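Coordinates in review
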Amino acid sequence: MLILHYKIYRDTKKKSEHFGEYYARVVVNHTIDLTELAEHMSNHNTPFSKGAIYGVLTDMVACIRELVLEGNAVKIPDLAIFSIGIETRPVRTAEDFTPSKNIRSAYLRSGTTGKFMRSQVSKAVRVQEQSIYALPEKKSDGEGETKPGGETGGGDTTKP
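Described in the following lines is the structure provided in the data block. Remember, predicted model here, so these are calculated numbers, not experimental data.

With that out of the way, let us pick up the sheet that holds strand E2 (residues 22–26). Spatially, E2-E1-E6 is the arrangement adopted by the 3 strands of the open sheet, whose pairing is mixed. Unpaired on one side and paired on the other, E2 and strand E6 (125–129) mark the two borders of the sheet. Averaged over neighbouring strand pairs, the angle between their axes works out to 40° when direction is ignored. In this structure, strand E1 (residues 2–10) lies alongside E6, joined through 5 bridges in parallel fashion. Residue pairing for E6: Leu 4 is matched across the bridge by Val 127.

An order of E3-E4-E5 is seen for the 3 strands of this open sheet, with the pairing classed as antiparallel. The open sheet is flanked by strand E3 (74–76) and strand E5 (103–112), the only strands paired with a single partner. Ignoring strand direction, the axes of neighbouring strands in this sheet form an average angle of 30°. Judged from the 9 bridges that link them, strand E4 (residues 80–88) and E5 form a sheet pairing that is antiparallel. Residue pairing across strands places Ala 80 opposite Thr 112, the latter belonging to E5.

Conventions and cut-offs
- Residues numbered from 1 in each chain as written.
- Predicted model: local features only at pLDDT ≥ 70, side-chain atom pairs only at ≥ 80, totals over all residues.
- Heavy atoms only, no water.
- Pairing = 2+ DSSP bridges.
- Helix = DSSP H or I, 4+ residues; strand = E, 2+ residues; numbered from the N terminus.
- Axes fitted to C-alpha atoms, helices over the stretch in contact; angles between N-to-C directions.

Don't take any of this as a statement about function, it's just geometry.
Below, the structure written as structure tokens:
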């Protein structure tokens, strides 16, 4: 079973429905780019070099982008389904809707599939609090933050 570390954060957005409340967020150890992914993959008993794998991955990214921008959904089994979504402003009637006024933006959507579905990932990992970090203060006066052991610190308290 894999272990995911988390940190506790305080919602500091004044207009938030959960202002002042605490929640946890997974600690990201490192962001792996395509070069590092290709290197990692080439070390898994494959006859393909890092360069060959990098070329295939680069082409895959370009092709997924092209296909998704054409309105297709692209499924990578046991990982995700990628598609385009749009954010729109509501109108009272269908006749009032115009793309120029009501479509705010387009964005990439992704949804998990297969072995990356929530139920499967939850079975594969165990969570554990990060051992050392700036822990938000839990006093009601809201002054500063403290690290474990009482040291004053200025940890990240922003909500994702």
